[in-house]
Amino acid sequence: MIESLQALQREAHDELSNSRTNDELEAWRLRFLARSGQLTRLLRGVGVAAPEDRPLIGRVANEVKAALESAYEARQRDFEQDAERANGDFDVTLPGRLPRRGAIHPTIRVVRDILTVFQSIGFRVAEGPEVEWERYNFELLNIPRDHPARDMHDTYWIDTPTNPGSMLLRTHTSPNQVRIMERTAPPVRVVVPGRVYRYEAIDATHETMFFQIEGLAVDRGITMADLKGTLTAFARAMFGSERRILFYCSYFPFVEPGVEVAIDCFACGGAGCRICKQSGWIEIMGAGMVHPNVLRAVGYDPDVVSGFAFGMGPERVAMLKYGIQDIRLFYGNDLRFLRQFA
Ligand code: FA5
């Protein structure tokens, strides 16, 4: 039965492409698709097939019918267009259809804006790998294997045949601090954008794939005042001087002391709402003074040089800048959202 249906489909397609006139097309329709046509006649045989075969035969029959109907409609459209052309109805002066222009993704737009601010104050831009060694993502950042801080980074591990469990999708851009210091003598002033991955629950402000921009400045005599001054200047350039900025103590194993930086919530202006979880503030980055252990691990002398580092989430910055209420919109591929940034 299935073979007969497939043979009928082949025959019908061949005949359809041979039809040259409207009469031939109509004859084809009567022969294959009409109620008294061959397909209907063949389907009457389904009743005598074994009951267990009937669902499959029914599915194939429906597929054949749908394929023949759409082939018929396409052929009909061809004929109509040919007729229009022959009648001179075809207006060659009509403008063509313009291809739709793409737009820069809001994350990339904000990443570029952020990099521009830091470039204007002397930072250069570098990049690093998204598939990273455990050593760079954790160990050289003062997070050994049994350190509880690893729980804060729910990790996508990558098993390789020779190194099971020692590669991962980087959970932050901080491994680039080490990579850059390893190959550069101080002074260093660099910003590193890129994607990072975390196996965590998604909500209005958390994604599993998002961007970070890492910043690092190391030189003789760098202090916490340089960190605060630089990040305040950045926040003012990005959000305007009326925005309030909050620095509060936090902990990251690779800095000491560590802080988090938040900006007053774009949605409620600081009063407290769903987006800022009633706190009035939206955290946009972690920062701190580079830990002496990290400096030592790359061969710098912490008695001679010091530095600050920060890591921020550009999606969160974009949410603040454009009033976007849900981070899931960024990578949901809904064109109605993305076109607003054209
Ligand atoms: C870090 O990832 C540290 N590496 C940052 C750092 C760098 C601290 C240098 C000190 C020195 P944290 O997990 O807090 O820290 O993430 C940093 C920023 O990334 C957050 O402030 C937030 O803006 C963004 N972020 C974190 N998790 C998510 C997520 N799931 N979705 C979207 N953005 C996120």
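Definitions and cut-offs
- Residues numbered from 1 in each chain as written.
- Predicted model: local features only at pLDDT ≥ 70, side-chain atom pairs only at ≥ 80, totals over all residues.
- Heavy atoms only, no water.
- Helix = DSSP H or I, 4+ residues; strand = E, 2+ residues; numbered from the N terminus.
- Rg over C-alpha atoms; globule rule 2.2 N^0.38 Å.
- Contact = heavy atoms within 4.5 Å.
- Areas by Shrake-Rupley, 256 points an atom, 1.4 Å probe, with all protein chains shown as cover.
- Lys, Arg positive; Asp, Glu negative; His and termini not counted.
- Charge placed at Lys NZ, Arg CZ, Asp CG, Glu CD.
- Core = buried A, V, L, I, M, F, W, Y, C linked by side-chain atoms within 4.5 Å.
- Buried < 20%, exposed > 50% of the residue type's maximum accessible area, 1.4 Å probe, protein only.
- 1 Å grid on protein atoms, 1.4 Å probe; cavity = no way out; pocket = protein on both sides within 12 Å on 5 of 7 lines; lining within 4 Å.
- Points joined across faces, edges and corners; volume = space filled by probe spheres on them.
- Nonpolar A, V, L, I, M, F, W, Y, C, P; charged D, E, K, R; others polar.
- Phe/Tyr/Trp six-rings, centres within 6.5 Å; stacked < 30°, edge-to-face > 60°.

Enquirer: Would you mind going over the overall build of the chain in detail, with residue names and values included?
Expert: Counting its regular elements, the chain contains 11 helices and 10 strands. The C-alpha radius of gyration of the chain comes to 32 Å, more than 25% above the 20 Å expected for a compact globule of 342 residues. Taking the intrachain contacts of the chain between residues at least 6 apart in sequence as the baseline, contacts between residues at least 24 apart amount to 67%. Taken as a whole, the chain presents about 18,700 Å² of accessible surface, with 50% of it coming from carbon and sulfur. Both charge centroids of the chain, one from 41 positive and one from 45 negative side chains, sit 3 Å from each other.

Enquirer: Outline the environment of Gly-299, listing residues and values.
Expert: By the element assignment, Gly-299 lies in the loop between helix 9 (292–297) and strand 10 (306–312). In this structure, the C-alpha to C-alpha distance between Gly-299 and Ser-279, residues 20 residues apart in sequence, is 41 Å.

Enquirer: Help me get a handle on the nonpolar core, residues and values and all.
Expert: Counting 44 residues, the largest nonpolar core has Ile-114, Phe-118, Phe-310 and Met-312 as the members making the most contacts within it. Ignoring any residue separated from it by four or fewer positions in sequence, one finds Phe-118 in contact with Phe-123, Val-191, Thr-230, Leu-231, Phe-234, Phe-310 and Met-312. Listed in part, the 26 residues of the second largest apolar core include Val-190, Leu-216, Phe-254 and Val-305.

Enquirer: Account for the layout of surface pockets, with residues named and values stated.
Expert: Approximately 790 Å³ is the volume attributed to the largest pocket. What lines the largest pocket is a set of 39 residues, among which Arg-198, Gln-212, Glu-260, Glu-283 and Arg-316 lie closest to the centre. Sorting the residues of the lining of the largest pocket by element identifies strand 6 (209–219), strand 8 (255–264), strand 9 (281–290), strand 10 and helix 10 (314–322) as the ones contributing at least two each. A per-element tally of the lining of the largest pocket places strand 9 first, with 8 residues. Looking at side-chain class alone, the lining of the largest pocket contains 17 nonpolar, 13 polar and 9 charged residues. Lining the second largest pocket are Arg-100, Arg-101, Gly-102, Ala-103, Ile-104, His-105, Leu-335, Leu-338, Arg-339 and Ala-342. When grouped by side-chain class, the residues that make up the lining of the second largest pocket number 5 nonpolar, 2 polar and 3 charged.

Enquirer: Just give me the short version of the packing of aromatic side chains, but keep the residues and values in it.
Expert: Going through the model one piece at a time under the given rule, you end up with 13 aromatic pairs. With a centroid separation of 5.4 Å and an interplanar angle of 75 degrees, the aromatic rings of Phe-118 and Phe-123 are classed as edge-to-face. Residue class for Phe-118 comes out buried when judged on its relative accessible area of 0%. Accessibility expressed as a relative area gives 6% for Phe-123, which makes it buried. When the ring of Phe-330 is compared with that of Tyr-331, the centres are 6.1 Å apart and the planes differ by 40 degrees; the resulting orientation is tilted. Tyr-331 sits in the partly exposed class, given a relative accessible area of 25%. An aromatic cluster of three or more residues is present, and its members are Phe-118, Phe-123, Phe-234, Phe-308 and Phe-310.

Everything listed is a geometric property; what it means functionally is a separate question.
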